Amino acid sequence: MAFGGLGEGERRMRILVAEDDATLADGLLHSLRHAGHAVDCVTTGPEADSAVASSAFDLLILDLGLPKMGGLEVLRRLRARQSSMPVLILTAQDGIDDRVRGLDLGADDYLAKPFVLAELEARVRALARRGQSSSPMLCHGTLSYDTVGKVARIHGEVIELSARELALLKILLQRPGRMVSKEHLVDHVCEWGEEVSTNAIEVYIHRLRKKLERGGVKIVTIRGLGYCLERPQAH
Ligand code: CA
């Protein structure tokens, strides 16, 4: 397949289109794929909700008038999980209230129907550029970690962690559901050229685990081997 549509410096994005109007969805799919992006499509609110809960998309294009669960509810649930996934909402021409509510709920941009595809493509390019410069967030259930600001939050509330605990958390968040060995942690936590023993790692993990527990985030010990951040429970 050719991806000739991407200009210089543009990145190929993974995009989810949530739109129940088949004609419009087809047009979006064709246009975005032609522009060089990987595109998936869903047609109901619950499908959109579970897709963005289980996969990381670079962009969600979200129709607000979706069957079974409205787009605003999909967006509210996405942000309640502390996801910073960029969202472009599609609203009715006269849907000013929906547009305002969508932006209040954390949508990044909107387009009123009907729109021309060239306008959509321009918005997508703008969001792609913004996505590249924004601070990378690692999210895991109720937990989010801003890797630039070095701030961890549970349910949006900052949790107090030491530099070592933050370093450990970041490593675990980069490999959710997978085992991380103590040796790997020892190698990657000593940022100041100072030795950290595996015993010290055990102490840091113990403290970190206590702080994360109240948010329902579990660090599982794999005896003799290492640790694993348990996958968040489905909502
Ligand atoms: Ca619709």
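For the structure, check the block above.
Worth saying up front: this structure is predicted, and the values here are computed from it rather than measured. (Residues numbered from 1 in each chain as written. Predicted model: local features only at pLDDT ≥ 70, side-chain atom pairs only at ≥ 80, totals over all residues. Heavy atoms only, no water.)

Q: Sorry if this is basic, but what is going on with the overall build of the protein chain here?
A: Secondary structure assignment for the protein chain yields 8 helices and 12 strands. Within the protein chain, the proportion of its 235 residues that are buried is 42%. Relative to all contacts within the protein chain whose residues are 6 or more apart in sequence, the contacts with residues 24 or more apart total 57%. Looking at the protein chain as shown, the accessible area adds up to about 12,500 Å², and 50% of this sits on carbon and sulfur atoms. (Helix = DSSP H or I, 4+ residues; strand = E, 2+ residues; numbered from the N terminus. Buried < 20%, exposed > 50% of the residue type's maximum accessible area, 1.4 Å probe, protein only. Contact = heavy atoms within 4.5 Å. Areas by Shrake-Rupley, 256 points an atom, 1.4 Å probe, with all protein chains shown as cover.)

Q: Even after reading the chapter, I still don't get the sheet that holds strand S11 (residues 219–222), so can you show me in this structure?
A: Each strand in a sheet pairs with another by means of backbone hydrogen bonds, the pair being arranged parallel or else antiparallel. Strand order in the open sheet formed by 3 strands is S10-S12-S11, with antiparallel pairing between adjacent strands. Of all the strands in the sheet, just strand S10 (179–181) and S11 have a single pairing partner and so form its edges. Within the sheet, the average angular offset between the axes of one strand and its neighbour, ignoring direction, is 30 degrees. The pairing of S10 with strand S12 (residues 226–229) spans 3 bridges and is classified as antiparallel. Bridge pairing in S12 places methionine 179 opposite cysteine 228. Of the strands in this sheet, S10, S11 and S12 are in contact with helix H6 (residues 163–173), which crosses S12 at around 70 degrees. (Pairing = 2+ DSSP bridges. Axes fitted to C-alpha atoms, helices over the stretch in contact; angles between N-to-C directions.)

Q: I tried to follow the coordination of the calcium ion on my own but got confused; where do I start?
A: Within the protein, Asp20 (OD), Asp63 (OD) and Gly65 (O) serve as the donor atoms for the calcium ion, at 2.2 to 2.4 Å. Read in sequence order, the donor residues coordinating the calcium ion give the pattern D-x42-D-x1-G. For aspartate 63, a relative accessible area of 4% corresponds to the buried category. (Donors = N, O, S within 2.8 Å, 3.2 Å for Na, K, Ca; no water.)

Q: Even after reading the chapter, I still don't get the side chain of serine 144, so can you show me in this structure?
A: With respect to the helices and strands, the residue serine 144 is situated in strand S7 (residues 143–146). According to the relative accessible area criterion, serine 144 is buried, its value standing at 1%. Once residues lying within four places of it in the same chain are set aside, the contact partners of serine 144 are Gln82, Met137, Leu138, Cys139, Val151, Ala152 and Arg153.

Q: Would you mind showing me how to read the packing of helix H2 (residues 45–54) against helix H3 (residues 71–80) here?
A: For any two helices packed against each other, one specifies the inter-axial angle together with the distance between the axes. Packing of H2 against H3 leaves a shortest axis separation of 9 Å and a crossing angle of 20 degrees. Put simply, H2 runs roughly parallel to H3. As H2 runs across H3, the sense of the crossing is right-handed. Residues Gly45, Ala48, Asp49 and Val52 of H2 touch H3, and the partners they reach there are Val74, Arg77 and Leu78. Considering only residue class, the contact of H2 with H3 consists of 4 nonpolar, 1 polar and 2 charged. (Parallel < 35°, antiparallel > 145°, perpendicular 65-115°, else oblique. Left-handed = near helix turned anticlockwise from the far one by under 90°. Nonpolar A, V, L, I, M, F, W, Y, C, P; charged D, E, K, R; others polar.)

Q: I tried to follow the pattern of salt bridges on my own but got confused; where do I start?
A: Pairs can form between side chains of opposite charge once their charged atoms are near each other. Taken as a whole, this structure holds 11 salt bridges when the rule is applied. A salt bridge links aspartate 40 to arginine 14; the shortest N-O distance between them is 3.6 Å. Of this pair, aspartate 40 sits in strand S2 (residues 38–42) while arginine 14 sits in strand S1 (residues 14–18); the two residues are 26 residues apart in sequence, bridging distant segments of the chain. The partner of lysine 211 in a salt bridge is glutamate 165, with the nearest N and O atoms 2.9 Å apart. Linking lysine 211 in helix H8 (residues 198–213) with glutamate 165 in helix H6, this pair joins segments that are 46 residues apart in sequence. Take lysine 211: its relative accessible area is 30%, and that puts it in the partly exposed class. By relative accessible area, which is 1% here, glutamate 165 ends up buried. (Salt bridge = Lys/Arg side-chain N within 4 Å of Asp/Glu carboxyl O.)

Q: Help me understand the packing of aromatic side chains in this model?
A: In the structure shown here, the tally under the stated rule is 0 aromatic pairs. Here arginine 14 stacks its cationic end above the ring of phenylalanine 57, 4.5 Å away from the centre of that ring. (Phe/Tyr/Trp six-rings, centres within 6.5 Å; stacked < 30°, edge-to-face > 60°. Lys NZ or Arg CZ within 6 Å of the ring centre and 35° of its normal.)

Q: Is there a simple way to explain the pairing of strand S8 (residues 151–154) in this structure?
A: For a regular strand, side-chain orientation follows a simple rule: the groups alternate between the two sheet faces. Burial along S8 is one-sided: Ala152 and Ile154 are buried, and none of Val151 and Arg153, which face the opposite way, are. Between S7 and S8, which pair antiparallel in sequence order, lie 4 residues; one of them, lysine 150, sits at a positive phi of approximately 50 degrees. With antiparallel pairing between neighbouring strands as the criterion, S8 and strand S9 (residues 157–158) make up a hairpin whose turn holds 2 residues, including histidine 155 at a positive phi of roughly 50 degrees.

Q: Explain unusual backbone geometry here, please?
A: The bulk of non-glycine residues show a negative phi, and the bulk of peptide bonds are trans. Of note, the amide linkage connecting lysine 113 to proline 114 takes the cis form, showing an omega dihedral of -5 degrees. Tracing the sequence through the fold places proline 114 in the loop between strand S5 (109–112) and helix H5 (117–133). Despite not being glycine, glutamine 82 shows a phi value in the positive range, around 65 degrees. Counting through the fold element by element, glutamine 82 comes out in the loop between H3 and strand S4 (87–91).

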